[in-house]
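The primary structure of each chain is shown beneath.
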Amino acid sequence: MDVSMMLGARFGRTKDMGDEMAIEVNHLWKKFRLYHEKQHTLKYALLSGHRAIFEEFWALKDIHFILKRGQTLGIIGENGSGKSTLLKILARILRPDKGEVSTRGKVSALLELGAGFHPELSGRENVYLNGSILGLSYKEINQKFDEIVGFAELERFIDMPVKNYSSGMYMRLAFAIAVNVNPDILLIDEILAVGDEAFQRKCLEKMYDYKTRGKTIVFVSHSMDHIRNMCDEVIWLKEGEIQVRGNPNKVVNAYIQYVNLEEQRKGKAQQQVEGSRWGSREIEINRVEFLADGGQSKTLFETGEKFIVRINFKAHRKIEKPVFGIRIDRADGVCVTRPNTKLNNVFIDSVQGEGTIEYVVDSLPLLPGSYLVTAAIYDYHCLHSYDHHEQLYEFQVTPGREKESYGVVKIPGRWSMIEQRDSLAND
């Protein structure tokens, strides 16, 4: 596959869609072949008459939508749901088997890490190579070169062969080139997951700037917070089909609810993937669960709903004055709260055998997002860890009836106009 196809189309095919139309996808279908045996050489196939055994797999099924100029569309779904395939068709890397795609304006795509970079060329040479592929003249690249390199923060390494770049350096340079060709349509496939926190913020700020300038963005991400805050509309793909399309909160909530139900169905009500555990284990945490007002266990809550963290434990011997605590972090690392029994003046003389303790929030103030919970048991001085479960549990919050959707917590404040002066009348 040549470099221009990997980076995306220079110009999409257009038709008379009106000035406000950016992308039209009309009943799109795409299939692949799934082979069930090891592939042999062409020589083997010709001499033996052997035919490969495969089945056809429909990666996309009857996808249709219209995106207006200046809108940002988010695409979410599990791995293998067809998200990347859809973006590659929008970028003219893949062709549909049925249906058609129409785009209006210059398209810039950031689909694969370092796609289109020549590993033996330097960063400088790749800027000129990729810029020309994406439609810039040599003079235009010269004018934008310092801005591209400065945005990527690669001034010291720009003359180094890109084969020696880290994945983060690849991503920074690729993103800097993609956004500086001034496209009308920008396609991004989860590449913001690579790189440090500071550069991710810079990329998001650039995308917000594109929105304010009326650019069209199609954004694939597993970050539901980014999807909620960035997008005007969201599509949830499942097994190649559109499940829900519409308001970001509505679609994200439906998707999260589906994921949680699937985990519960598979006996995985609590996600224990990213965190870690340590402690002497004289007391062990056997189970942590989140409960609603009626006592049912769940991981999806609404802002303002009752929220209970229940910790089941077992003390293998008598332990004097233990301290139980939790910490709630937003998924992006912001610490929301870290209460414990000692700080809340709940003193426990001793524990032995099995027991249960709960932390109850009558009205959950958290705004929509994903949150990680740490549960721990320490000695009275909070120096010795009996059992510490670092970010081993996760729950999600949806807006419910609350209209506020930005920030971390819902603070019960109110607005009132005290005085208004007509300054123009006094001039």
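## Some thoughts on the packing of helix α4 (residues 123-133) against helix α5 (residues 138-152)
It is the contact of α4 with α5, at a shortest axis distance of 10 Å, that shows an interaxial angle of 130 degrees. Here α5 runs oblique to α4, going by the angle between their axes. Crossing handedness for the pair α4 and α5: right-handed. Along its contact with α4, which presents R124, V127, Y128, G131 and S132, the element α5 presents Y138, I141, N142, F145 and I148. A per-class count over the contact of α4 with α5 returns six nonpolar, three polar and one charged.

## Observations concerning the side chain of T85
Within the secondary structure, T85 sits in helix α3 (residues 83-90). Given a relative accessible area of 13%, T85 falls into the buried group. In this view, T85 contacts K30, F32, A59, L60 and L94; residues no more than four positions away in its chain are not counted.

## Topic: the packing of α5 against helix α6 (residues 167-180)
The contact between α5 and α6 brings their axes to 8 Å, and the two run at 140 degrees. Viewed along their axes, α5 and α6 adopt a mutual orientation that is oblique. Here α5 and α6 pass one another in a crossing that is right-handed. Of α6, the residues touching α5 (which contributes K144, E147, I148, F151 and A152) are R172, L173, F175, A176, I177 and N180. Its residues assigned to classes, the contact of α5 with α6 shows seven nonpolar, one polar and three charged.

## Quick notes on a nonpolar patch on the surface
Where nonpolar side chains cluster on the molecular surface, the patch consists of F32, L34 and F57 and spans about 230 Å² of accessible area. Tracing the backbone shows F57 in strand β2 (residues 54-68). Given a relative accessible area of 35%, F57 falls into the partly exposed group.

The rules behind these values
- Residues numbered from 1 in each chain as written.
- Predicted model: local features only at pLDDT ≥ 70, side-chain atom pairs only at ≥ 80, totals over all residues.
- Heavy atoms only, no water.
- Axes fitted to C-alpha atoms, helices over the stretch in contact; angles between N-to-C directions.
- Helix = DSSP H or I, 4+ residues; strand = E, 2+ residues; numbered from the N terminus.
- Parallel < 35°, antiparallel > 145°, perpendicular 65-115°, else oblique.
- Left-handed = near helix turned anticlockwise from the far one by under 90°.
- Contact = heavy atoms within 4.5 Å.
- Nonpolar A, V, L, I, M, F, W, Y, C, P; charged D, E, K, R; others polar.
- Buried < 20%, exposed > 50% of the residue type's maximum accessible area, 1.4 Å probe, protein only.
- Patch = residues over 30% accessible without salt bridge, like charges linked within 9 Å, V, L, I, M, F, W, Y side chains within 5 Å.
- Areas by Shrake-Rupley, 256 points an atom, 1.4 Å probe, with all protein chains shown as cover.
- Salt bridge = Lys/Arg side-chain N within 4 Å of Asp/Glu carboxyl O.

Taken by themselves, the reported measurements are silent on function.
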